[in-house]
Amino acid sequence: MPDLTVPRTSVQQNVCITFWAERPGQTRPVLPPGAGFYSASDMQTLSSHLKATLSLGLPLVGSQVAQILIGVTDTLMLGRYSVPALAAGTLGATVFFTIFVLGSGFANAVMPMSAQAVARSDETQARRVARMGLWLSLAFSLAVLPLFIWSGPIMQALGQAPGLAQDVQAYLHIAGFGIVPYLLMATLRSHLSALERTRIVLWATLVAVAVNIALNWVLIFGNLGFPELGLRGAAIASVAVQVTAFVVLAIYAAQGPGMARFELFRNIHRPDWPAFFQIFRLGWPIGLTGLAESGLFAASALMMGWMGTVPLAAHGIAIQIAALTFMVHMGLASAATVRVGHAFGRNDAEGLRRAAFAASLLSGAAVLGACVLYFGAGTVLIGAFIDHADPDAPAILALGVSLLTVAALFQLVDAGQVMALGFLRGMNDTRLPMIYALLSYWVLGIPASYLLGFTAGLGPHGLWLGLTVGLAAAAGTLGARFLRQSAPVALT
């Protein structure tokens, strides 16, 4: 580690300044008068970066894991209800999540912008971007409701069997209304995360998991005297859960300790067009980037549906398990966005790079843990999701376990791309990463999945290998982009 107390020479000053000097649209930072030395408070050691990232990131990891547990709970209970319900629920949830990811770009844009404002002690700006993030999230959610209500014809047009398409519409006709509270909740989650209020995000999500389990048990199977609603019961539970999480975070954002000074909801009906368009410009590339990735997985689910109900059910279970472990990287990437955003707001080039490196180390350790889990407990994990009395259970179990071996490969590259995206978002760099993602997932990933799955005859495993191709391309290009953007300009 470098000596943190050496004099700051003119060369070191220039390196700090030129870190952002070549960024289009960025203002050259000015060093404060009299800043002659680095100190331990200016530059954290790697160990302190690791501790800070864990302190911020563990609650976010926990909340991400808890969020995916809601989907896992649906999969578990629908799998024990019936295979057709599991297949329809898997496809319906995939469609819902794909549209949510597109709209969540505005919510995600709040996080780096609020983090940068906090680093500058600009509470007014933090409030402005959060409010307009709520505006944009609400507008998007209302605009996409018709896609959920009339999803059946869309599913048939995409090649799904009429019975499956009808079941998907029955699910989304109810679950689709949850997009409104879900996107609003995501915006509040970004705002609170930027303020390092991550524990409330975790507790709100844990409450949502408990509510989901209880309502699924009651409504899917008809317990406690309630009607047996099956797939529709799972949809009702999902909407109730999303409303619950939003209400908890809204109350905290308004009245939580130290939160009243932000006055988040005062005069929220008044437009703030400069902040509105700041969020829009940063958020729409984030949304399209997320859509490119989730679209890759949605396309794999659609193509898996062409292979039959059993492959789709096995895919649904295996992808839920992979998504569960991937949430560790999602949480760490969110923490990295905040940490990089703070450093970016302070014009702290070295702190930015160290924050990214610390988050990368933690993500790499999580990848190793996931691989051990996949290879060591695959049968147990897949078996927990199915009713072993079902005649299709052995086929689903065998295929699901083998898919997890492929998941171990794409978890590595998937972690790499999401971490790089988190770093770049902390620096307000979203447009070129969007292009990299679109090319990686749609130009490489989806065609590779089709060619390997159908043309090469590798079936479900080929589809998943195609996912790996797209994710690897994204990890490589986005990682290289961050290294270029975060490297000081060489001085002659």
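This is a predicted model, so every value here is computed, not measured.

Cut-offs used in this document
Residues numbered from 1 in each chain as written. Predicted model: local features only at pLDDT ≥ 70, side-chain atom pairs only at ≥ 80, totals over all residues. Heavy atoms only, no water. Helix = DSSP H or I, 4+ residues; strand = E, 2+ residues; numbered from the N terminus. Rg over C-alpha atoms; globule rule 2.2 N^0.38 Å. Buried < 20%, exposed > 50% of the residue type's maximum accessible area, 1.4 Å probe, protein only. Contact = heavy atoms within 4.5 Å. Areas by Shrake-Rupley, 256 points an atom, 1.4 Å probe, with all protein chains shown as cover. Lys, Arg positive; Asp, Glu negative; His and termini not counted. Charge placed at Lys NZ, Arg CZ, Asp CG, Glu CD. Core = buried A, V, L, I, M, F, W, Y, C linked by side-chain atoms within 4.5 Å. Phe/Tyr/Trp six-rings, centres within 6.5 Å; stacked < 30°, edge-to-face > 60°. pLDDT = per-residue confidence, 0-100. Polar contact = N/O pair within 3.5 Å; in protein donor to acceptor, adjacent residues only side chain to side chain. Expected span 1.5 Å × (residues − 1). Axes fitted to C-alpha atoms, helices over the stretch in contact; angles between N-to-C directions. Parallel < 35°, antiparallel > 145°, perpendicular 65-115°, else oblique. Left-handed = near helix turned anticlockwise from the far one by under 90°. Nonpolar A, V, L, I, M, F, W, Y, C, P; charged D, E, K, R; others polar.

1. With respect to the overall build of the chain
Argument step 1. On a plain count of helices and strands, the chain comes out with 15 helices and zero strands.
Argument step 2. Taking 492 residues into account, the globule formula puts the C-alpha radius of gyration at 23 Å, and the chain, at 23 Å, falls close to it.
Argument step 3. The principal-axis extent of the C-alpha atoms belonging to the chain is close to 75 × 50 × 35 Å.
Argument step 4. A total of 492 residues make up the chain; the buried ones form 56% of that total.
Argument step 5. In the chain, of all internal contacts separated by at least 6 residues, the share reaching a separation of at least 24 is 83%.
Argument step 6. Per element, the accessible surface of the chain, about 19600 Å² overall, is 68% carbon and sulfur.
Argument step 7. In the chain, which carries 25 positive and 19 negative side-chain charges, the distance between the mean positions of the two groups comes to 11 Å.

2. Considering the environment of glycine 476
Argument step 1. Relative to the elements of secondary structure, glycine 476 occurs in helix 15 (residues 459–486).
Argument step 2. Here glycine 476 falls in the partly exposed class, since its relative accessible area comes to 44%.
Argument step 3. Between the alpha carbons of glycine 476 and serine 82 there is a distance of 41 Å; along the sequence they are 394 residues apart.

3. Section: the nonpolar core
In summary, soluble globular proteins display a tendency toward joint burial of nonpolar side chains.
Argument step 1. Ile179, Phe410 and Trp464 are the most contacted members of the largest nonpolar core, which totals 138 residues.
Argument step 2. If we skip the residues at most four places from it in the chain, phenylalanine 410 touches Phe297, Ile319, Ala322, Trp464, Leu467, Thr468 and Leu471.
Argument step 3. Membership of the second largest hydrophobic core comes to seven residues, among which are Leu56, Leu60, Ala194 and Val338.

4. Focus on the packing of aromatic side chains
Argument step 1. Summed over the entire model, instances satisfying the criterion amount to 13 aromatic pairs.
Argument step 2. Arranged with centres 4.1 Å apart and planes meeting at 15 degrees, the rings of phenylalanine 100 and tyrosine 182 form a pair that is stacked. Linking phenylalanine 100 in helix 3 (residues 83–119) with tyrosine 182 in helix 7 (residues 179–194), this pair joins segments that are 82 residues apart in sequence.
Argument step 3. Using a relative accessible area of 8% as the deciding quantity, one classes tyrosine 182 as buried.
Argument step 4. Here tryptophan 135 and tryptophan 273 contribute two aromatic rings whose centre-to-centre distance is 6.0 Å and whose plane-to-plane angle is 90 degrees, an arrangement assigned as edge-to-face. Taken together, the positions of tryptophan 135 in helix 4 (residues 123–149) and tryptophan 273 in helix 10 (residues 273–307) put the pair 138 residues apart, joining distant regions of the chain.
Argument step 5. Judged by its relative accessible area of 25%, tryptophan 135 falls in the partly exposed class.
Argument step 6. Overall, the relative accessible area of 44% leaves tryptophan 273 in the partly exposed class.
Argument step 7. Three or more aromatic residues link up through ring pairs in this structure, and these residues are Phe96, Phe97, Phe100, Phe148 and Tyr182.

5. Comments concerning the confidence of the model for the chain
Argument step 1. Summing up the model confidence of the chain, the mean pLDDT is 83 and the portion of residues at 70 or higher is 90%.
Argument step 2. Mean pLDDT values over the elements of the chain span from 36, in helix 1 (residues 10–21), up to 94, in helix 7.
Argument step 3. The low-confidence segment residues 1–43, where pLDDT is below 50, has 67 contacts with residues more than four positions distant or belonging to other chains.

6. Details of the side chain of threonine 325
Argument step 1. Among the secondary structure elements, threonine 325 is positioned in helix 11 (residues 309–345).
Argument step 2. Since its relative accessible area comes to 13%, threonine 325 is described here as buried.
Argument step 3. In terms of polar contacts, threonine 325 uses its side chain to reach the side chain of tyrosine 374, at 2.5 Å.
Argument step 4. When residues no more than four places from it in sequence are discounted, the contact partners of threonine 325 are Ala370, Leu373, Tyr374 and Gln411.

7. Digging into helix 7
Argument step 1. With 16 residues, helix 7 extends 23 Å from end C-alpha to end C-alpha; this agrees with the ideal 22 Å at 1.5 Å per step.
Argument step 2. When you tally the buried positions in helix 7, you get 16 out of 16 residues, the bulk of the element.
Argument step 3. Backbone geometry just after helix 7 places glutamate 196 at a positive phi near 60 degrees.

8. Concerning the packing of helix 4 against helix 7
Argument step 1. Running from amino to carboxyl end, helix 4 crosses helix 7 at an angle of 160 degrees, the nearest separation of the two axes being 8 Å. Considering their axes alone, helix 4 and helix 7 lie roughly antiparallel with respect to each other. Helix-helix and strand crossings are classified by hand; for helix 4 and helix 7 the assignment is right-handed. Between helix 4 and helix 7, the residues in contact are Ala126, Ala130, Gly133, Leu134, Ser137, Leu138, Phe140, Ser141, Leu142, Val144, Leu145 and Phe148 and Ile179, Val180, Leu183, Leu184, Thr187, Leu188 and His191, respectively.
Argument step 2. Here the contact of helix 4 with helix 7 is composed, by residue class, of 14 nonpolar, five polar and no charged.

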